Amino acid sequence: MVGFEVGFVPFNPDGWGPPDAASATTTTTTTASTLPLNVPFAPFSRSDKIGRIADWTRNINPNAGRPNSKQNAADSVFDFTADDSFPGGAGTGEDDATFRLVDGKPPPRPKFGPKWRFNQHRPQLPQRRDEEVEAKKREAEKERARRDRLYNLNRSNQNQPRREAAAFKSSVDIQPEWNMLDQIPFSTFSKLSFSVPEPEDLLLCGGLEFYDRSFDRTTPKNERRLERFKNRNFFKVTTTDDPVIRRLANEDKATVFATDTILATLMCAPRSVYSWDIVIQRVGNKLFFDKRDGSQLDLLSVHETSQEPLPEAKDDMNSAYSLSVEAAYINQNFSQQVLVRDGNKVTFDEPNPFATEGEEVASVAYRYRRWKLDDDMFLVARCEVQSVVEVNKQRSFLTLNALNEFDSKYSGVDWRQKLETQRGAVLATELKNNANKLAKWTSQALLASADLMKLGYVSRVHPRDHYNHVILAVVGYKPKDFASQINLNTSNMWGIVKSIVDLCMKLNEGKYVLVKDPSKPQVRIYEVPADAFENYYVEEPLPEEEQVQPPGQETEHAEADGATNDVEDKDIDVPGLRLPEILV
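Residues numbered from 1 in each chain as written. Predicted model: local features only at pLDDT ≥ 70, side-chain atom pairs only at ≥ 80, totals over all residues. Heavy atoms only, no water.

## Structural notes on the sheet that holds strand β10 (residues 387–391)
- With respect to topology, 5 strands assemble into an open sheet ordered β3-β13-β12-β11-β10, the strand pairing being mixed. Two strands close off the open sheet at either side, each with one partner strand: β3 (224–225) and β10.
- With 9 bridges connecting them, strand β12 (residues 452–462) and strand β13 (residues 465–477) associate as antiparallel partners. Of the residues in β13, the one forming a bridge with Val458 is Ile471.
- Against the sheet, helix α8 (residues 320–337) touches β3, β11 (394–405), β12 and β13, its axis set at about 145° to β11.
- Against the sheet, helix α12 (residues 435–447) touches β11 and β12, its axis set at about 170° to β11. (Pairing = 2+ DSSP bridges. Helix = DSSP H or I, 4+ residues; strand = E, 2+ residues; numbered from the N terminus. Contact = heavy atoms within 4.5 Å. Axes fitted to C-alpha atoms, helices over the stretch in contact; angles between N-to-C directions.)

Listed below in structure tokens is the structure:
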């Protein structure tokens, strides 16, 4: 049996470890002679634990422990790549070039920054990823620039919270000798509330034609051309020029006198944006609310509460003034076209107080009504209804008004496409852009106790043609239901009127003017001379046949068969208006 011989193991009598150099030479010679011959050298990898485990005598770099140090691996006490005595140490650059450190942990995710940069679930080539990164950077820059523009635009809007501050001026020129007595912010109006009992009718004047129900079936597909009624006269008479109100004042029927237009303006004042003014006259113990001759109250505002600004140039067909004249023209003609013009009329106690004998007047009835504001204070107002309808042998009074579309790009809703399928969206857009006008129409219907209010949707034949129009639809609403739909509170409306009446009753006898500030949501009361606004009529244009124009010069009111003069001429023919001496 062959035994196993253990090679020579040197012994170091002087201490632990291999013997010194002298004895090591002897040991090497002796060991080499006892080693087995022809034993092949076995290859090994760096992961094999051979050689020295650690060298604690090496100089360690102080930065070795830091995560970002590139010399961390080279300065480790377990690294022997620079040691010549270690197999695979110095001189093995090829092995170092092929060596790769495999780390299974994902790279740290940053707390901020776009997530798509570190998306590990979509492996891509480096060139492709760089292109996408650059493209997304450019998109992000465009988006950031767009947000900056919107931010700057919003900041500019914040500096000018109400659009009319820069685009519009006061409806009346404030003279330096006028004395401002008080200013009332609209915020105080929202807290007011006052309940009035049911009114009583003192007098009914005028005549009404019946409503043509066939217009209820009007749609954009079978639209109707808007006709012109040049021969019918429309009257816009102020309070003190009304002979019936003068008679009622002499009979001491009330203390406060006004018209439904003036009361509606006061009731809906918090919703107004454009400037307006009302003349107040205190005569004895009576109070009269008047409008100036040629006042803005005779016209209808368009897009008053819209966020989209209208052109500021007065000559522009889409400016605020031009649209107001156009809307008044449309409203008058619409109120007469939807009637059954067969000569059958409903007449009342007295004829139209403003018409002369043989004159053709528009279908309108005036209801002089009285409300009790206090134990010893009554208010009389002239209210208007435009038509009557008979259902089940019961007559119902109607008010007729028309909304007008001039350019769909301003409202964002095309009536011809949306009226049949999305009529609610069209009405919602109009409530947003014309909140004040619709609220005033509703309050006028409530003051007149109308049973129904008809709203017509009238549009231009072409956006650039403001003389020819078509009726696209006619919709009816009950005033009380419509008022609740647009958040119009009757108690708040009368609370505003009662507060202004109480304030004016404390003033001395004289003339005052209530002006809506063009740049702030507030109204101001000025004390004015007794002869103020007497000759203000000169700003109202004369009828075309009375105008004297220089050769070759035409006014903007002489176009399209006098379409605009339809509105202006009727205001001039009102009896009782104070005309300049040269025309009397």
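Having put the structure on the table, let's press on.
## Brief notes about the pairing of β11
- Of all 12 residues in β11, 9 are buried; the element is thus mostly enclosed.
- Following β10, the chain reverses through 2 residues before pairing antiparallel with β11; Asn392 in that reversal takes a positive phi of roughly 55°.
- Pairing geometry for β11 and β12, over 8 bridges, is parallel. Its bridge partner lying in β12, Glu405 is registered against Ser459. (Buried < 20%, exposed > 50% of the residue type's maximum accessible area, 1.4 Å probe, protein only.)

## Considerations on the pattern of salt bridges
- One pass over the full model with this rule turns up 17 salt bridges.
- Glu350 serves as the salt-bridge partner of Arg247, at 3.2 Å between the closest nitrogen and oxygen. Here Arg247 is found in helix α6 (residues 243–250), whereas its partner Glu350 is found in the loop between β7 (345–347) and β8 (364–374), with 103 residues between them in sequence.
- Assessed through its relative accessible area of 26%, Glu350 is described here as partly exposed.
- Residues participating in the shared-partner salt-bridge network are Asp201, Arg367 and Arg369. (Salt bridge = Lys/Arg side-chain N within 4 Å of Asp/Glu carboxyl O.)

## What to know about the sheet that holds strand β1 (residues 179–185)
- Read across the sheet, 10 strands follow the order β1-β15-β14-β5-β6-β4-β9-β8-β2-β7 without closing on themselves; strand pairing throughout is mixed. A strand with exactly one partner marks an edge of an open sheet, and here the two such strands are β1 and β7. On average, each strand axis in the sheet is inclined to that of its neighbour by 20°, with strand direction left out of account.
- With respect to the sheet, α6 is in contact with β2 (200–209), β4 (256–259), β6 (286–290), β8 and β9 (377–385), its orientation differing from that of β4 by roughly 170°.

## Overview of empty space enclosed by the protein
- Taken as a whole and assessed by the stated rule, the structure comprises 2 cavities of 30 Å³ or more.
- Taken as a whole, the largest cavity encloses approximately 830 Å³ of empty space.
- Taken together, 46 residues make up the lining of the largest cavity; nearest its centre are Lys236, Thr261, Leu297, Leu300 and Gln444.
- Only α7 (260–267), α8, β8, β9, β11 and α12 provide two or more residues apiece to the lining of the largest cavity.
- Looking at the lining of the largest cavity, its residues break down into 17 nonpolar, 20 polar and 9 charged. (1 Å grid on protein atoms, 1.4 Å probe; cavity = no way out; pocket = protein on both sides within 12 Å on 5 of 7 lines; lining within 4 Å. Points joined across faces, edges and corners; volume = space filled by probe spheres on them. Nonpolar A, V, L, I, M, F, W, Y, C, P; charged D, E, K, R; others polar.)

## Quick notes on the pairing of strand β14 (residues 510–516)
- Along β14, 6 of the 7 residues are buried, which leaves the element largely enclosed by surrounding structure.
- Here 6 bridges tie strand β5 (residues 277–283) to β14, and the two strands are oriented antiparallel to one another. Of the residues in β14, the one forming a bridge with Arg282 is Gly510.
- As paired elements, β14 and strand β15 (residues 522–528) share 6 bridges and run antiparallel to each other. Directly across from Leu514, in β15, lies its bridge partner Ile525.
- Taken together, β14 and the strand that follows it, β15, pair antiparallel across an intervening segment of 5 residues.

## Here's the deal with the packing of α7 against helix α14 (residues 490–505)
- Packing of α7 against α14 leaves a shortest axis separation of 8 Å and a crossing angle of 100°. As far as their axial angle goes, α14 and α7 are roughly perpendicular. For the pair formed by α7 and α14, the contact residues are Leu263, Leu266 and Met267 on the first element and Met493, Trp494, Ile496, Val497 and Ile500 on the second.
- The class makeup of the residues in the contact of α7 with α14 is 8 nonpolar, no polar and no charged. (Parallel < 35°, antiparallel > 145°, perpendicular 65-115°, else oblique.)

## Comments concerning the nonpolar core
- In terms of nonpolar packing, the biggest core is built from 79 residues, with Phe289 and Tyr457 touching the most fellow members.
- Here this core gets 7 residues from one element, more than from any other, and that element is α14.
- Those residues in contact with Tyr457, other than ones at most four positions away along the chain, are Leu403, Trp415, Leu419, Val426, Leu427, Val470, Ile471, Leu472, Ala473, Val475 and Tyr477.
- In terms of nonpolar packing, the next biggest core, distinct from the first, is built from 17 residues, Val237, Ala249, Val364 and Tyr366 among them. (Core = buried A, V, L, I, M, F, W, Y, C linked by side-chain atoms within 4.5 Å.)

## Remarks on the environment of Thr240
- Its place among the elements puts Thr240 in the loop between β3 and α6.
- Separated by 17 residues in sequence, Thr240 and Phe257 have C-alpha atoms that sit 8.5 Å apart.
- If near-sequence neighbours (up to four positions away) are discounted, Thr240 is found in contact with Arg246, Gln281, Phe288 and Asp290.

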